[in-house]
Structures are given as C-alpha cells and as structure tokens.
Amino acid sequence: MTKGYWVARVDVQDPEAYKEYVAAGAAAFSKYGARFLARGGKFEKLEGTSRARNVLIEFESYEQALACYNSPEYQKAKAIRTQVSEGDLIIIDGYDGPQP
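Residues numbered from 1 in each chain as written. Predicted model: local features only at pLDDT ≥ 70, side-chain atom pairs only at ≥ 80, totals over all residues. Heavy atoms only, no water.

The next subject is the nonpolar core. Formed by 18 residues in total, the largest nonpolar core has its most connected members in W6, Y21, F29, I57, F59, C68 and Y74. At the level of elements, β1 (4-12), α1 (15-31), β3 (53-59), α2 (62-70) and α3 (72-84) are the ones that each hand at least two residues to this core. With 5 residues, the top contributor of residues to this core is α1. The contacts of Y21, once residues within four sequence positions are left out, are F29, Y74, A77, K78, I80 and R81. (Core = buried A, V, L, I, M, F, W, Y, C linked by side-chain atoms within 4.5 Å. Buried < 20%, exposed > 50% of the residue type's maximum accessible area, 1.4 Å probe, protein only. Helix = DSSP H or I, 4+ residues; strand = E, 2+ residues; numbered from the N terminus. Contact = heavy atoms within 4.5 Å.)

What follows is the structure, encoded as structure tokens:
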C-alpha cells in the first residue's frame, strides 16, 4: 500500500492567529499518524507561482490522509486556518512503482 500525502502552499495573513491553527491541527495529525516532511522551510521558486509557506505531510495511506482532512478534529482547525490564511491543498497518493 502506498503512502498518502498532503501538499499545502499557504500565504499567512496573521501569523499569531495561525499559531492557533497549528495547535488545533495537532489533535488530528496525531490521531491519523501524520509525519511532517517539510513545514515552512526555505525554498527556491524555479517555475510557476509560489506561496510563502509550503508543507508536505506523509500518512500511512491515501485513505488515512483523506480521513484526517475530513475528521471533526481537522475541520475545527480548518475553520481557524481559513480565517487567517489563503492557500492550496491537495491530497495525493504516493508512488511505489519503478524508478528511473
């Protein structure tokens, strides 16, 4: 079974209030076994558009990633996030096939 990932790109308008989202999201992320692989670190935009903050979260499966997003715990955190930031979020199935 392949892993599932959240790929989020975010512009935060209120950094102090965004901390409330981070704290509220911890319950859902812990419950669904999230593992942060990238969380707002430095980056280089090479093509296309970008946002100020980039986050990559790994889950044991695509289904776990979706369940986390749809959980009551995350929906509570999301309500905070949407008030203090703007962004893009996708959930994607990992790849476990042949490599070059």
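Moving on, we get to the sheet that holds β3. Within the open sheet, the 4 strands sit side by side as β2-β3-β1-β4. Their pairing is antiparallel. The open sheet has two edge strands, β2 (35-39) and β4 (85-93), and neither has a second partner. Adjacent strand axes in the sheet meet at a mean angle of 15° when their direction is disregarded. Direction of pairing for β1 relative to β4: antiparallel, over a ladder of 9 bridges. Bridged to V7 within β4 is I90. With respect to the sheet, α3 is in contact with β1 and β4, its orientation differing from that of β4 by roughly 140°. (Pairing = 2+ DSSP bridges. Axes fitted to C-alpha atoms, helices over the stretch in contact; angles between N-to-C directions.)

How two aromatic rings sit relative to each other is set out by the distance from centre to centre and by the angle between their planes. The tally for this structure, following the rule as stated, stands at 9 aromatic pairs. Above the ring of F36, the side-chain terminus of R39 is found at 3.8 Å from the ring centroid. In this structure, R81 is placed above the aromatic ring of Y21, and the distance from its NZ or CZ to the ring centre is 5.9 Å. (Phe/Tyr/Trp six-rings, centres within 6.5 Å; stacked < 30°, edge-to-face > 60°. Lys NZ or Arg CZ within 6 Å of the ring centre and 35° of its normal.)

Let us now look at the packing of α1 against α3. Two elements in contact, α1 and α3, have axes whose closest approach is 8 Å; the angle formed by their N-to-C orientations is 160°. Here α3 runs roughly antiparallel to α1, going by the angle between their axes. Crossing geometry of α1 relative to α3 is assigned as left-handed. Across from A17, Y18, E20, Y21, A24, G25, A28, F29 and K31 in α1, the residues of α3 making contact are E73, Y74, A77, K78, I80, R81 and V84. Residues belonging to the contact of α1 with α3 are distributed by class as follows: 10 nonpolar, 1 polar and 5 charged. (Parallel < 35°, antiparallel > 145°, perpendicular 65-115°, else oblique. Left-handed = near helix turned anticlockwise from the far one by under 90°. Nonpolar A, V, L, I, M, F, W, Y, C, P; charged D, E, K, R; others polar.)

On their own, these measurements won't tell you what the molecule is for.
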